[in-house]
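Residues per chain are reported as follows:
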Amino acid sequence: MLWLLLALPLLVLFYLWMQGRRRKLAVRYASLSLVREALGKGPGWRRHLPPLLLLLALAAMLVAAARPVAVIALPSQQQTIMLAIDVSASMRATDVKPNRLVAAQDSAKSFIAQLPRTVRVGVVAFAGSAQVAQLPTQSRDDLMTAIDSFQLQRGTATGNGLMLALATLFPNSGIDIASLGMGPRGGPRLSPLDAQANDTPKPPPPPVAPGSYSSAAIVMLTDGQRTTGVDPLEAAQIAADRGVRIYTVGVGTREGDTIGFEGWSMRVRLDEDTLKAVAAKTNGEYFFAGSAPDLKRVYDTLSSRLAVEKRETEVSALFALAGAAFALLATLLSMWWFHRVA
């Protein structure tokens, strides 16, 4: 249909030829008043504006017939977001005030409050092991209670946190969480996941394009390096094969901090390279949060991005509407100025 746009210059040439022919016919009249009447009264541009608008209307209609698409922001189709939050002992560090854990809790609750009420949110807490703190739900009160109940533990198993988040999103999909030692630890909240131990595991689904699954996403917040559990890059590959995006948030200063816990002390630093690799592998994004205000801004950004998404959408209706508007305006101006459709 777009090839028909090449005919528009021919219409312009035909219009100019008709105007020249009109003038030649007008000079045959003996009376000068008749010539002026034939040429028309008023400013000359008025005679040309309605035809120009009709030409634009035709162009818009031809483009609409070609069914154009554009990348535009539309309400997100994501219905479930899993928050995987680090509750290892290093989260007691005070380089993020009042400490990393409290800042993470406050920002997570603010993030949840900004999401559309139709979005279900689940919470996974991980340290040396991972547990489902709250299965996906639309109840904001239950989510706030789960986040407030975090308790610090030893170890940092970032990969386990991601695997448990994936198993929560895709039960009975071949993700063996029992082999990770995460089955009974979560208590009764894990019963839907425990049920899969008695079922015959399904083979993994065929890999899809990373980031192509638009019904769910994972947001992982951590402040340190993995010390145990599954390699987070392996977990990220499983997420990528299922099309799930992982957004990683590194909380804490890049210089790190020294903490003491139960008679021992250690220096904790961010493993930004791994967090960036996890996000890149799943077509997600990495965010650095070196302070409580930074962390809040990160969650604000994530909230806005997860509430809308950019995708290719047919915009034929917009061009058809523009064409109809141009045609209507041309008709109204012609009737107003010349009392006829020019």
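These figures come from a predicted structure and were not determined experimentally.

Draft legend 1. Structural view of the environment of Ala 84. Summarising the element assignment, Ala 84 is placed in strand 2 (residues 80-86). Along the backbone, Ala 84 and Leu 221 are 137 residues apart, and their C-alpha atoms lie at a distance of 6.3 Å. Setting aside its immediate chain neighbours within four residues, Ala 84 contacts Val 124, Phe 126, Gly 161, Val 219, Met 220 and Leu 221.

Draft legend 2. Here's a closer look at the packing of helix 8 (residues 232-241) against helix 9 (residues 272-281). Contact geometry for helix 8 and helix 9: axes closest at 8 Å, N-to-C directions at 15°. Classified by the interaxial angle, the pair formed by helix 8 and helix 9 is roughly parallel. Both helix 8 and helix 9 take part in a crossing whose hand is right-handed. Across the interface between the two elements, Pro 232, Leu 233, Ala 236, Gln 237 and Ala 240 from helix 8 touch Thr 274, Ala 277, Val 278 and Lys 281 from helix 9.

Draft legend 3. Geometry of the packing of aromatic side chains. The full count for this structure, using the stated rule, is 2 aromatic pairs. Judged by centre distance (5.1 Å) and plane angle (40°), the rings of Phe 111 and Tyr 299 are tilted. With a gap of 188 residues between them, Phe 111 in helix 4 (residues 100-114) and Tyr 299 in helix 10 (residues 292-307) connect regions that are remote in the sequence. For Phe 111, a relative accessible area of 0% puts it in the buried group.

Draft legend 4. Quick look at helix 9. Looking at helix 9, one finds that the buried residues are Glu 272, Leu 275, Val 278 and Ala 279. Buried residues along helix 9 cover an arc of 125° about the axis, so they all sit on one side. Across helix 9 from its buried face, at more than 90 degrees, point the exposed residues Asp 273 and Ala 280. Trailing helix 9 by a residue or two, Asn 283 shows a phi angle of about 65°, which is positive.

What counts and how
Residues numbered from 1 in each chain as written. Predicted model: local features only at pLDDT ≥ 70, side-chain atom pairs only at ≥ 80, totals over all residues. Heavy atoms only, no water. Helix = DSSP H or I, 4+ residues; strand = E, 2+ residues; numbered from the N terminus. Contact = heavy atoms within 4.5 Å. Axes fitted to C-alpha atoms, helices over the stretch in contact; angles between N-to-C directions. Parallel < 35°, antiparallel > 145°, perpendicular 65-115°, else oblique. Left-handed = near helix turned anticlockwise from the far one by under 90°. Phe/Tyr/Trp six-rings, centres within 6.5 Å; stacked < 30°, edge-to-face > 60°. Buried < 20%, exposed > 50% of the residue type's maximum accessible area, 1.4 Å probe, protein only. Arc of directions from axis to C-beta.

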